[in-house]
Structures are given as structure tokens and as C-alpha cells.
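# A look at the structure
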Amino acid sequence: MIGSGSIGSAVARELTNRNKKVVLIDRDEGKVETLREQEFEAVVGDLNDPNLLDPIDVKTIEVVLILSSNIAANGAAITTIKQASDSIRIIARAPSAIAKSELEAAGADRVVVPPRIVSDATIRILERVESAKHASNILDILRANGDEKLAIVVHDNPDPDAMSGAVALKAIAASVGTESEILYRGEIGHQENKAFVNLLQIEMGKLDEQKTRSMSEFKKIALIDCSMPGENNLLPKDTAVDIVIDHHPAEMKEIHAEYIDIRPNAGATATIMTKYLQELDVPVNTNLATALLYGIRTDTLGFKRNANPVDLTAAAFLYPLADHEILNRIETPAISAETLDIFGEAIRNRKIKGSYLITNTGIIRDRDALAQAADYLLNLEGITTALVYGVGEDQIYISGRSNDVRLNLGNALAEAFGEAGSAGGHATTAGAQIPLGVFSDTKDKQALMKIAEEVVIRRFFTAIGIENGDE
Ligand SMILES: [Mn+2]
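Residues numbered from 1 in each chain as written. Predicted model: local features only at pLDDT ≥ 70, side-chain atom pairs only at ≥ 80, totals over all residues. Heavy atoms only, no water.

### Some words on the coordination of the manganese ion
The manganese ion binds to the protein through D161 (OD), D225 (OD), H247 (NE2) and D299 (OD), with metal-donor distances spanning 2.1 to 2.5 Å. Mapping the donors of the manganese ion onto the primary sequence gives the spacing D-x63-D-x21-H-x51-D. Of the two residues, H247 sits in the loop between β9 (243–246) and β10 (259–262) while D299 sits in helix α9 (residues 286–299), which places them 52 residues apart along the sequence. Taken individually, H247 and D299 each receive the classification buried, so the pair is uniform in this respect. (Donors = N, O, S within 2.8 Å, 3.2 Å for Na, K, Ca; no water. Helix = DSSP H or I, 4+ residues; strand = E, 2+ residues; numbered from the N terminus. Buried < 20%, exposed > 50% of the residue type's maximum accessible area, 1.4 Å probe, protein only.)

Next comes the structure, spelled out in C-alpha cells:
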């Protein structure tokens, strides 16, 4: 190491701690003396001296660090070292970005620019201070609930991201002595989500139909994983909301709340909530860590969709705290006997036309099983689109899956069934419902299935431009 100012001494000390053998070269004899007293190996030498490396056996040198602040002298030393041996790696210090390219041209393998490193570090520290300040603002609002309760409202039919984010906010509220309740509307769909709620003991409430409960029970309201009251959540449209935390892009001027944190650069609300827990030093128990990790994983489709470095760092924090056995059990939930029967029906009743598979599961109670059956049947060789329907109390339910790039299934189902009922979804995942109307009184199940079959098959094939579903 050549040049042992404050940076050089600090680096030498750290390297020695890591059991690296370091020899320091400095032109100041007094300095060399002091270094030796500190038990460093040090020799006198000048950067501009072509015999600079003479006191050291060149064959034993792996790397030379040139850390003086004199760029001309650093350049001269690089030339001297290059002449002595070609196999020595050189790391040099430069005062600026321009000087950096000069030293690289002279033969330095790597160049460090201290002002750049210090400014980067300063900005990172500033960001941390800002986000800690931001995070502490939310505590003031949570404390303002006093003895009254906070409502944490998630979007309808909540997914693991919304639910885990809500549980995190509940933990943060509890850390300042505020009691809260998570509220939702709709269903916890999918076997995985049901397993998620059961295995992680997530407690959530509903506002019942009879309206014996109302939002006036709560002093303050937080919206999690959604941002507008009345849009895909149980709040009336004109509700005054206090806290909004979400990652879906939003029209900021339309969002009104005392505290708003919308970060579209995060792949999940669970990621944002993990950052809060870290900033505020709120203890994260195993269930909470497991829930948040699962929330991030599902919302980013296992880090394949909208995943950002911030999602990965949040996941890295949660990973050692989570229960991976529970995660496995959530992902492969036990199949109920009813679901198995539904699969059996779907397999037995399948009709295939080209790469399309259409089947029915008869009279159903569990609608989720339709989507699961469609998922499963899409794995059949040669099939790129699977449509599964079943007859419920007063509706025909249809669930579809497709990996056919030429087909937008959501549009196809909307065209086929939108008029008769409701339909929609994405290019690869979609669903529809058709009211049975007068037919719902039909006692003859076989007749009912016949009607359903005709409607579903004919309308679907017409919509995608294939005349007459039967061969
Ligand atoms: Mn989300």
C-alpha cells in the first residue's frame, strides 16, 4: 500500500484484521516510524521513484493499493509497477471522475473516487433519516386513536398481500398501544388463501349485512393495498380515510388522507409494510414474517412480476424470520373430498376440440374448485385453453385458463357471456357468471345441465370464431 494518510491507515488496519499481509510504503520517515510502532510493516519510498518497489520481493505482491491524493504521483507509480510485473493488480485512488479515467488509461485495474463514495453514502444515510421520519409520522396518527379502535380496511376478496400488510399495520398500532381490527368484504378465495388465513391465525372481521356494526365504531380508518374509499372495498365512497398505504399506481390528487404512502415501485404492499417494521423497530414474530414473505411472493408471482430490489431486500429481511414449513403447507393445501369429486367430474366430462377443453362439474357448492380444475386441466397435453363450468344455486359459474398467445380469454368470455351475465378477467385467467333466471326453479338436474352445456359451449365457440362446438 502506497500512501498512508487517514484512508490508507484505516484500510491497512481493516486488512490486517482480516489476516492479509500488508506492507505500507510512505515517503515520510517519521510516519513510517509511527506505523512500525503500531506494529505495521512499513518502509520508506517515494511514488515518483522508479525503484519504489525495491525493498519488497515483487513476486510476493498480489495487489498494490495506491492511495495518495496526488494524481500525478499515482500515475507515475502505476507505470513503475506495470514495468516491475504485469501480474500485479493495481487499485488506485483518484480525486475525481476525470482523474479516474486518466488512471485507468495509465493501467490501474480499479479506481476508487472517495468524494463519490462519500456522497453516495451520505445520500443513503439521508434517505434512511427521511424514511425514519416519515415512518414516525404514522405513529403519531396511530397514537391519536387513544382508547378507541383503528379500522384497517383491505380490498374486497383480500389476497395475501393485503392481509399480511394489514396484520403488519395492526402490529405497528399495537406497538403504540392502539387496538385495531382488520375488516374485509367478500370471500377468501383459493385454497391457498384459506390455508394462509388458518395456518397463520389471521383474524379479520366483517361488517354484517344487518348493519348492526358500522364504521362509527372506529376513530380512525386505514386503507391497505387499495387507496380510494368505495372502490373495491367496504367503505362508503365519501368516507374520510386517515391512512392510505398501497403500491398500486394512483392519481395522487384524488387520494385524500392525513397520511398517504403510495409506492408504485414496490411489488407488494407487504414490502412497504416490512420497511415500516424495520424503520420503527417493531418486533416481527414468526407468523407475521411468514405472512409478509408469502404476500410479497404471491404479489410478485415469485419475484417474476413487478419485483424490485426493494422487494428482494424486504424478503431477505423476512426470510430468516419466517416459518418455511408453514409456507410449504400454504402452497400445497390439503384437497377436500368435495374438491376431489369436482376434479373427478371435470375430468370425466371433458370435451376437447382442437386445443380447447370444455368441461363441467355438475351442481356445485364450492366455486373455487372450478378455477383449480381449470388450472389442472390446462396441464393436459395439447390443451392451451381450459373452460370449466358448474351450476350453482341460481347461476352458471364459468372459470377459464389459457396459455394460448393468440387468445385473450378475458375478452373472449366478455364477448361470449357479458351480455347474458357478467364476465371478465385477464388474457390468461378469466371467469363469468350467467343467471339461470326462470330455469333456476327447474328440479330436473339433467335438464339444467343440458341447458348450461348448450349456452356455454355454443356461446364460447361463437365468440372465438369457431362455428358449432360439437364435432
Ligand atoms: Mn398488492
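### Here's the deal with the pairing of strand β13 (residues 385–391)
Of all seven residues in β13, seven are buried; the element is thus mostly enclosed. Alternating positions in β13 separate into two faces, T385, L387, Y389 and V391 on one and A386, V388 and G390 on the other, with burial throughout. In this structure, strand β12 (residues 356–363) lies alongside β13, joined through six bridges in parallel fashion. Looking at β13, one finds that L357 is bridged to A386. Assessed by its sense of winding, the connection that carries the chain from β12 through helix α13 (residues 368–377) to β13 is right-handed. Across seven bridges, β13 lies against strand β14 (residues 395–402) in antiparallel orientation. The residue of β14 that forms the bridge with L387 is G400. Following β13, the chain reverses through three residues before pairing antiparallel with β14. (Pairing = 2+ DSSP bridges. Right-handed = clockwise from strand over helix to strand, strands pointing away.)

### Description of the pattern of salt bridges
Under the criterion given, the structure shown has 18 salt bridges. The shortest N-O distance in the salt bridge between E41 and K21 comes to 2.8 Å. In this pair, E41 sits in strand β2 (residues 41–44) while K21 sits in the loop between α1 (6–17) and β1 (23–26), placing the two residues 20 residues apart along the sequence. Classification of E41 by relative accessible area gives partly exposed; the value is 42%. (Salt bridge = Lys/Arg side-chain N within 4 Å of Asp/Glu carboxyl O.)

### Topic: the packing of helix α5 (residues 114–143) against helix α6 (residues 160–175)
Running from N to C, α5 and α6 point in directions that differ by 75°, and their axes come no closer than 9 Å. Taken as axis vectors, α5 and α6 run roughly perpendicular relative to one another. Packed against α5, whose contacting residues are I138, L139 and L142, the element α6 presents L169, I172 and A173 at the interface. Of the residues that constitute the contact of α5 with α6, the class distribution is six nonpolar, no polar and no charged. (Axes fitted to C-alpha atoms, helices over the stretch in contact; angles between N-to-C directions. Parallel < 35°, antiparallel > 145°, perpendicular 65-115°, else oblique. Contact = heavy atoms within 4.5 Å. Nonpolar A, V, L, I, M, F, W, Y, C, P; charged D, E, K, R; others polar.)

### Focus: the layout of surface pockets
Roughly 1,900 Å³ of volume is contained in the largest pocket. In this structure, the largest pocket is lined by 47 residues; those nearest its centre are G189, H190, A371, R401 and T429. Counting residues per element, the ones that place at least two in the lining of the largest pocket are α7 (191–199), α9, α13, β14, β15 (422–425) and β16 (429–435). When residues of the lining of the largest pocket are assigned to their parent elements, the largest contribution, six residues, is made by α13. Among the residues forming the lining of the largest pocket, the class breakdown is 14 nonpolar, 19 polar and 14 charged. If you add up the space inside the second largest pocket, you get close to 710 Å³. For the second largest pocket, the lining is made up of 24 residues, of which K21, V22, V23, E62 and V63 are closest to its centre. When residues of the lining of the second largest pocket are traced back to their parent elements, those giving at least two are α1, β1, β2 and β3 (63–66). For the lining of the second largest pocket, the residue count by class is 19 nonpolar, one polar and four charged. (1 Å grid on protein atoms, 1.4 Å probe; cavity = no way out; pocket = protein on both sides within 12 Å on 5 of 7 lines; lining within 4 Å. Points joined across faces, edges and corners; volume = space filled by probe spheres on them.)

### Regarding the sheet that holds β15
Pairing in this open sheet of six strands is mixed, and the strands run β11-β12-β13-β14-β16-β15 from one edge to the other. Two strands in the sheet have a free side with no partner beyond their single neighbour: β11 (351–353) and β15. When strand polarity is set aside, the average angle formed by the axes of neighbouring strands in this sheet is 15°. Packing of helix α14 (residues 409–417) onto the sheet brings it into contact with β13, β14, β15 and β16, and relative to β16 it is tilted by some 10°.

### Quick word on the sheet that holds strand β6 (residues 149–154)
The five strands lie next to each other as β7-β6-β8-β9-β10, forming an open sheet whose pairing is parallel. Looking at the sheet topology across the chains shown, the edges are occupied by β7 (180–183) and β10. Between one strand axis and the next, the sheet turns by 15° as a mean value, whatever way the strands run. By the bridge criterion, three bridges tie strand β8 (residues 218–224) to β9 in an arrangement that is parallel. Across the sheet, L223 pairs through a bridge with V244, a residue of β9. Set on the sheet, α5 makes contact with β6, β8, β9 and β10; between it and β10 the angle comes to about 140°.

### With respect to the domain arrangement of the protein chain
Along its sequence, the protein chain is carved into domain 1 (6–112), domain 2 (141–331) and domain 3 (337–463). At the junction of the two partners, domain 2 supplies five residues and domain 3 supplies four residues. In total, domain 2 and domain 3 occlude about 330 Å² of area from one another, counting both sides; carbon and sulfur atoms represent 34% of this. A per-residue breakdown of the area domain 2 buries against domain 3 is headed by H190, Q191 and K194, which together make up 90% of the total. On the surface where domain 2 and domain 3 come into contact, there are zero salt bridges. Remark: the boundary between domain 2 and domain 3 carries zero residue pairs in polar contact (both at pLDDT 80 or more). Its residues assigned to classes, the side of domain 2 that touches domain 3 shows one nonpolar, three polar and one charged. (Domains from an automatic or database assignment. Buried area = accessible area lost by both parts, 1.4 Å probe. Polar contact = N/O pair within 3.5 Å; in protein donor to acceptor, adjacent residues only side chain to side chain.)

### Some thoughts on the pairing of β1
Side-chain alternation along β1 places V23 and I25 on one buried face and L24 and D26 on a second face that is also buried. Sheet topology note: the β1/β2 ladder contains four bridges and is parallel. Bridging from a neighbouring strand, I25 pairs with V43 of β2. Viewed along the sheet, the connection from β1 through helix α2 (residues 29–37) into β2 turns out right-handed.

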